[in-house]
Amino acid sequence: RSPRGSDRDGAALDPPAPPAAYASSPDRNPPSVEATGPDQLYYSRRPRDTGYKPYRGRADSTYVELGRLRPDPDSDPAVLEKRAKAERVKIFSKNLRAINRHDMAAAPRRAPAPVADERREPSKFEKAKEYAAKVPKPKPRPAPPRAAAPADADGAAPDGPDSGAGEDDPLAALEQRHLDQKERAQQIRAQMGL
């Protein structure tokens with residue numbers, strides 16, 4: 001950085017001149033000393049004149065509008081008329097309910113109307129349900145015959161006819177197959193020494 005009052009080459013700089021508008025402003029103090037050096041000021045340090053007037057203890061009597069209050073509903077005749085009308089309607093409906101309640105209690109109970117035994121036309125859903133009840137259920141297809149599985153390494157055919165399970169009971173066949181596979185797994189573990 002260059003020292004104050006000189007540029008990079010070390011030559012002395014003149015302080016910039018104040019703007020013309022600033023220097024000719026009437027509310028500013030005139031410069032007391034002509035600024036010639038870098039330490040000179042363009043204006044004096046004396047206090048400036050201001051437009052401030054201290055409070056003297058008297059209230060200002062000028063009118064200031066701060067805002068408006070909401071309208072008073074009790075003073076508006078239209079609002080009062082609406083309220084009176086609503087109150088009359090409430091009283092009328094209360095009296096009418098009391099009269100109707102008294103008339104209903106005094107009147108004999110009517111028997112429920114007999115149910116008409118007319119046959120109505122069934123809906124689409126009812127027609128579909130009736131049709132579905134009449135349609136025979138489809139029969140399951142017969143299972144295709146299974147080819148005999150080739151014999152395993154130990155000579156046992158797990159799904160063969162000599163496995164003990166008939167073709168009639170698939171659950172029993174599955175159980176027998178599970179037992180055969182479990183037995184075979186035991187044999188493999190025994191051979192491997194596990």
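Look up a bit, the structure's there.
These numbers were taken from a predicted model, which means no experiment stands behind them.

**Student:** Break down the overall build of the chain for me, with residues and values.
**Tutor:** Each helix and strand in the chain was counted, giving four helices and zero strands. Shown N-terminal to C-terminal, the secondary structure of the chain runs as helices and strands in the order α-α-α-α. Counting every position in the chain, which comprises 194 residues, the buried fraction comes to 3%. When contacts within the chain are restricted to residue pairs at least 6 apart in sequence, those whose partners lie at least 24 apart make up 17%. Of the roughly 19,900 Å² of accessible surface on the chain, 56% is carried by carbon and sulfur atoms.

**Student:** Could you give me a rundown of helix α4 (residues 170–192), with the residues and numbers involved?
**Tutor:** The end-to-end C-alpha separation of α4 is 33 Å, in line with the 33 Å expected for 23 residues at 1.5 Å each. Of the residues trailing α4, G193 is marked for its positive phi of about 80°.

**Student:** Summarise a nonpolar patch on the surface; cite the residues concerned and give the values.
**Tutor:** Judged by side-chain polarity, I188, M192 and L194 come together as a nonpolar surface patch covering roughly 360 Å² of accessible area. Given a relative accessible area of 37%, I188 falls into the partly exposed group.

About the criteria used
- Residues numbered from 1 in each chain as written.
- Predicted model: local features only at pLDDT ≥ 70, side-chain atom pairs only at ≥ 80, totals over all residues.
- Heavy atoms only, no water.
- Helix = DSSP H or I, 4+ residues; strand = E, 2+ residues; numbered from the N terminus.
- Buried < 20%, exposed > 50% of the residue type's maximum accessible area, 1.4 Å probe, protein only.
- Contact = heavy atoms within 4.5 Å.
- Areas by Shrake-Rupley, 256 points an atom, 1.4 Å probe, with all protein chains shown as cover.
- Expected span 1.5 Å × (residues − 1).
- Patch = residues over 30% accessible without salt bridge, like charges linked within 9 Å, V, L, I, M, F, W, Y side chains within 5 Å.
- Salt bridge = Lys/Arg side-chain N within 4 Å of Asp/Glu carboxyl O.

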